[in-house]
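# Architecture and fold: a report
As a plain string of letters, each chain reads:
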Amino acid sequence: MTNVLQTLIDAVALGSIYALVAMGIGLVFGVMRLVNFAHGELITAGAYALALTNHLPLLVSLMTCFAVVIALSLAMDVTYRPLRTATPTTMLVTTFAISFLLQAVALLAFGARGQNVGVLPELNRAVSIGDLRVRWVTLVSIAVGGFLLGATALLLARTNIGLQMRASAMNVQTARLLGVRASTVIRFAFVLAAVLAASATVLLTVQRPLVTPSYGFQLVIPALVGVVVGGMDRLVSATLGGFAIGFTAAVLGEVLPADGRVFLDTALFLLVILVLLARPSGLFTRSRAAWERL
Amino acid sequence: MRRLAAGSQLLAPVLLLALVGVLGSFTSRSVQFQFRFALVMATIVIALYVFIGNSGVVSFGHVSFVAVGAFAAGLTTVPEALKLSLSPDLFPLIAGAEVGNAVSLLLAAAVGGVFALIVGAPLMRLSGLSAGIATFAVLVITNNVLRNWEAIGPGARTLSLVPESTGFLQATVGAIAVAALAFAYQRSRFGRVLRASSDDAAAAQGAGINIYRQRLLAFALSGALAGFAGGLLVHLLGSITTQQVYLDLAFVTLAMLVIGGVRSLWGAVVGALLVSGVNSLLLTAESGLGLGFAELTVPTGTRLVTLGVVMALILLFRPRGITGGREVTLRWPG
């Protein structure tokens, strides 16, 4: 029983981090129909920012991380501007090329060996609740994840810019005709995505402190898969999809027998295929869309 | 006369591939490898084009067919004793199999095609991003299984001592043969029907086209061609690991296709050769590139950055690809 609970808590924590990443991807996709592969490099950049400011006071380090991630995200917004009329395939491959480029830059600047992030090491200490031993970072991940997801949802539901974003996500043409400035809305989506990514970075570096050029890429791939499995068309389903894939990966890691653990990816992605076949437009969406185009 | 003009659209890609093959064989030994590698990359990209270009559906999964083709061709041309010392748990059937170069290439094509058919049967019901992610899942699973199941291959170790039979003749003829097959398919009834269905799915279905069946056919054909290309690759490199036929290759080949222009065979060939060419040039420049009057040396490590910048710029400013997705028709003057 304790074991089950322990596994569940860890799985929820990992799921929360993936949900933050997934929501960022979903926000940008919503207003721009763009799947941003380079979202992972926001996390990589944030992690390097933390690593390079290790010696500075915590608050300065955190603020640098957020500033760097937001700046990079705004740069991506500008870079992607010519893509707004491109086909989905070109969009997808271009964001991959940007991701490839940023990883190459990181490799050139910081080398392949990796750097250590030492932010908030005290969060790695464990706290005992009854028979459970839970690390602080697990609890903080769940709390911060829940808070940020809630805050973003509130922002979308209650503010003017949130309304405009929802309108654009539903139908860009009509929203523009009604006076929504597409550029403003897209820029805002990139900033929000950056804030979520930077928060995920801080939480993640506590658990995985070694930052390499492919740090964020490795995280964004499953998150992206989760987004599509959950359902891209709505932010809630995309976020839930991200949560689900993190949760499932953590649970599978515990449930699989020791000698079968190397096949974790096979099990996880077989599940992905099965879910996609059963519900092509998303696990957490209501309708089955007919032929859609990529 | 019109048929002749249409057939001549195959001429440009074939001539370009042949040119690369002939030019390359006159260069120095180290550069020769780059030329042959470019031809094999072009073969992979053409295979990718057969499905993506005609169906309009993105597939990240084709490199898994390249992978199984490469390991099939590699494992059947390495001596049995060597295979068993590398991987003692190998199935006797695989350990005992030993065939010649040509048979191994055909085997690679067969394995790739059958695998694509099995995988495609459920997956081709999907479209859009769901299809993209599902094929990506196939890539991850294929890699995970190849890397960890030592009864079917060397696992995480390197499969080495594969005969290096992909010389200029094999690379050039292989690439041209695949281009010709791709062209024949695209001009055939099946290719036209699939293209029509990607232009307007609803209208195609209204005209009685079974999109699922057409996509599956294209998927299996391009899987077979990708498997064949994998065979060429392993016979070029002489050794292979599962990581060489995984994410990096999948994304680079997809980028090559889009950079050239997804909708045409000409685009596939141009994109693959151009990106390979830029990459080789930068590779050479890192060790000093003699320009006759001056020597250009690029600092080590900047190759990937430059390559990334070039790819991103082309994609951003020529979103339909360099060729705009059109074929070229060569005409006699006058």
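In this text the structure is predicted, and so the values were computed from the model without any measurement.

What counts as what
- Residues numbered from 1 in each chain as written.
- Chains lettered and ligands numbered in written order.
- Predicted model: local features only at pLDDT ≥ 70, side-chain atom pairs only at ≥ 80, totals over all residues.
- Helix = DSSP H or I, 4+ residues; strand = E, 2+ residues; numbered from the N terminus.
- Rg over C-alpha atoms; globule rule 2.2 N^0.38 Å.
- Buried ≥ 20, exposed ≤ 12 C-beta atoms within 10 Å, placed from the backbone.
- Contact = placed C-beta atoms within 7 Å.
- Expected span 1.5 Å × (residues − 1).
- Pairing = 2+ DSSP bridges.
- pLDDT = per-residue confidence, 0-100.
- Nonpolar A, V, L, I, M, F, W, Y, C, P; charged D, E, K, R; others polar.

## Concerning the overall build of chain A
- From N to C terminus, chain A includes 11 helices and 4 strands.
- Over its C-alpha trace chain A gives a radius of gyration of 19 Å, about what one expects of a compact globule, namely 19 Å for 294 residues.
- Viewed in the frame of its principal axes, chain A has a C-alpha envelope of about 60 × 45 × 35 Å.
- Residues counted as buried form 50% of the 294 residues belonging to chain A.
- Taking the contacts inside chain A whose residues are at least 6 apart along the sequence as the reference set, 74% of them involve residues at least 24 apart.

## So, the overall build of chain B
- Of the regular secondary structure elements, chain B holds 15 helices and 2 strands.
- Taken over C-alpha atoms, the radius of gyration comes to 20 Å for chain B, in line with the 20 Å a tight globule of 334 residues would show.
- Summarising its shape, the C-alpha atoms of chain B cover approximately 60 × 60 × 35 Å along the three principal directions.
- Among the 334 residues that make up chain B, the fraction classed as buried is 53%.

## Structural notes on helix H2 (residues 39–52) of chain A
- Taking 1.5 Å per residue, 14 residues should reach 20 Å; H2(A) reaches 21 Å between its end C-alpha atoms and fits that length.
- For H2(A), a buried count of 13 out of 14 residues is recorded, marking the element as mostly surrounded by other parts of the structure.

## Structural notes on the pairing of strand E3 (residues 132–135) of chain A
- Here strand E2 (residues 126–129) of chain A runs beside E3(A); their pairing, made up of 4 bridges, is antiparallel. Looking at the pairing, A:Val127 lines up with A:Val134 of E3(A).

## Things to note about the confidence of the model for chain B
- When pLDDT is averaged along chain B, the result is 88, and 93% of the positions lie at 70 or above.
- Reported confidence for the predicted complex is 0.87 by ipTM and 0.90 by pTM.

## Thoughts on the interface of chain A and chain B
- Facing 35 residues of chain A, the contacting portion of chain B comprises 39 residues.
- Where the side of chain A that touches chain B is concerned, the elements lending two or more residues are helix H4 (88–110), helix H9 (215–230) and helix H11 (264–278) of chain A.
- Of the residues forming the side of chain A that touches chain B, the biggest block, 14 residues, is contributed by H4(A).
- The residue inventory of the side of chain A that touches chain B, partitioned by class, reads 28 nonpolar, 4 polar and 3 charged.

## Points about unusual backbone geometry
- The phi torsion at A:Arg33 lies on the positive side, around 55°, for a residue other than glycine.
- Looking at the element boundaries, A:Arg33 is found in the loop between helix H1 (2–32) and H2.
- In this structure, B:Leu161 is a non-glycine residue whose phi angle is positive, near 65°.
- Within the secondary structure, B:Leu161 is located in the loop between helix H8 (128–148) and helix H9 (168–187).
- C-beta crowding within 10 Å serves as the criterion here: with 15 such atoms nearby, B:Leu161 is assigned to the partly exposed category.

## Side note on helix H4 (residues 62–75) of chain B
- In this model, H4(B) (14 residues) spans 20 Å end to end at C-alpha, consistent with the 20 Å of a helix rising 1.5 Å per residue.
- Of all 14 residues in H4(B), 14 are buried, a share of seventy percent or more.

## Some points on the environment of A:Leu163
- Mapping A:Leu163 onto the fold places it in helix H6 (residues 160–170).
- Through-space distance from the C-alpha of A:Leu163 to that of A:Pro82 is 25 Å; in sequence the pair is 81 residues apart.

## Some points on the confidence of the model for chain A
- Residues of chain A with pLDDT of at least 70 account for 97%, and the chain-wide mean is 88.
- Confidence drops under a pLDDT of 50 for residues 289–294 of chain A, and excluding neighbours within four residues, the segment shows 15 contacts in the predicted structure.

## Here's the deal with the environment of A:Val255
- Locating A:Val255 in the fold gives a position in helix H10 (residues 235–255).
- Considering only alpha carbons, one finds A:Val255 and A:Val4, 251 residues apart in sequence, at a separation of 9.8 Å.

## Here we look at the environment of B:Phe71
Residue and element names in this part refer to chain B.
- The topology assignment puts Phe-71 in helix H4.
- When the C-alpha positions of Phe-71 and Ala-182 are compared, they lie 23 Å apart, and in sequence the two are 111 residues distant.
- Ignoring anything within four residues of it in the chain, the contact list for Phe-71 reads Leu-146, Gly-153 and Leu-159.

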